[in-house]
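Overview (structure and organization)
Residue-level listing of the chains:
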Amino acid sequence: MTDCIFCKILKGEFGTEFIYENEYAVVFKDINPKADIHLLVVPRLHVESLNELDDENLLAKLMMTVKEVTKKEGINSFRTVINTGKEAGQEVFHLHIHILSGGFK
Ligand code: 5GP
Ligand code: ZN
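For the structure given in this document, a descriptive report is provided here. Keep in mind the model is a prediction, meaning the values are calculated, not measured. (Residues numbered from 1 in each chain as written. Chains lettered and ligands numbered in written order. Predicted model: local features only at pLDDT ≥ 70, side-chain atom pairs only at ≥ 80, totals over all residues. Heavy atoms only, no water.)

Looking now at the site of ligand 1. The local shell around ligand 1 holds 17 residues, among which Lys29, Asp30, Gly89, Glu91 and His98 are the closest. At a separation of 3.4 Å, an oxygen atom of ligand 1 approaches a polar side-chain atom of Lys34. Taking Gly89, its main chain carries an N or O atom lying 2.8 Å from an oxygen atom of ligand 1. Surface burial for ligand 1 is 87%, taken as the share of its 520 Å² of free accessible area covered by protein chains. Going through the elements one at a time, α1 (5-10) and β2 (25-29) are the ones with two or more residues in the shell around ligand 1. In terms of residue count, the dominant contributor to the shell around ligand 1 is α1 (three residues). Taken together, the residues that form the shell around ligand 1 break down as seven nonpolar, six polar and four charged. (Near = heavy atom within 4 Å. Polar contact = N/O pair within 3.5 Å; in protein donor to acceptor, adjacent residues only side chain to side chain. Areas by Shrake-Rupley, 256 points an atom, 1.4 Å probe, with all protein chains shown as cover. Helix = DSSP H or I, 4+ residues; strand = E, 2+ residues; numbered from the N terminus. Nonpolar A, V, L, I, M, F, W, Y, C, P; charged D, E, K, R; others polar.)

For strand β5 (residues 97-101), a buried count of five out of five residues is recorded, marking the element as mostly surrounded by other parts of the structure. Bridge count between strand β3 (residues 37-43) and β5: five bridges; the pairing is antiparallel. Each bridged residue has a counterpart across the sheet, and for His38 the counterpart in β5 is Leu100. Examined bridge by bridge, strand β4 (residues 79-81) and β5 share three bridges and lie antiparallel to one another. Across the sheet, Val81 pairs through a bridge with His98, a residue of β5. (Buried < 20%, exposed > 50% of the residue type's maximum accessible area, 1.4 Å probe, protein only. Pairing = 2+ DSSP bridges.)

Pasting the structure below:
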């Protein structure tokens, strides 16, 4: 997916700092934070949304990545969000999990 912004970020095209990464995913700060802490867990594999995901193992790995990065960053209380589809507010069609904590807007 050459025109996918998250694939470009994954390739390092914008020099985005990765807060955390593992074999399956990278984690970086949302450019337009909707809480004091707003991170995105993005799988290395391009999957458009949860609707297109058929690998339950990947979903488990992504949720474990949420756990790993929040633990590492000392974020004890947080909300996870996955927007699926345009009408639900999905803007970037590369599956990702939002991690939000504190000062919700
Ligand atoms: P969605 O609405 O698709 O669930 O969430 C996409 C998120 O990606 C939005 O919160 C938006 O602010 C964030 N985002 C879009 N483009 C970029 C970017 O180039 N860099 C970063 N760090 N975040 C982005
Ligand atoms: Zn992508």
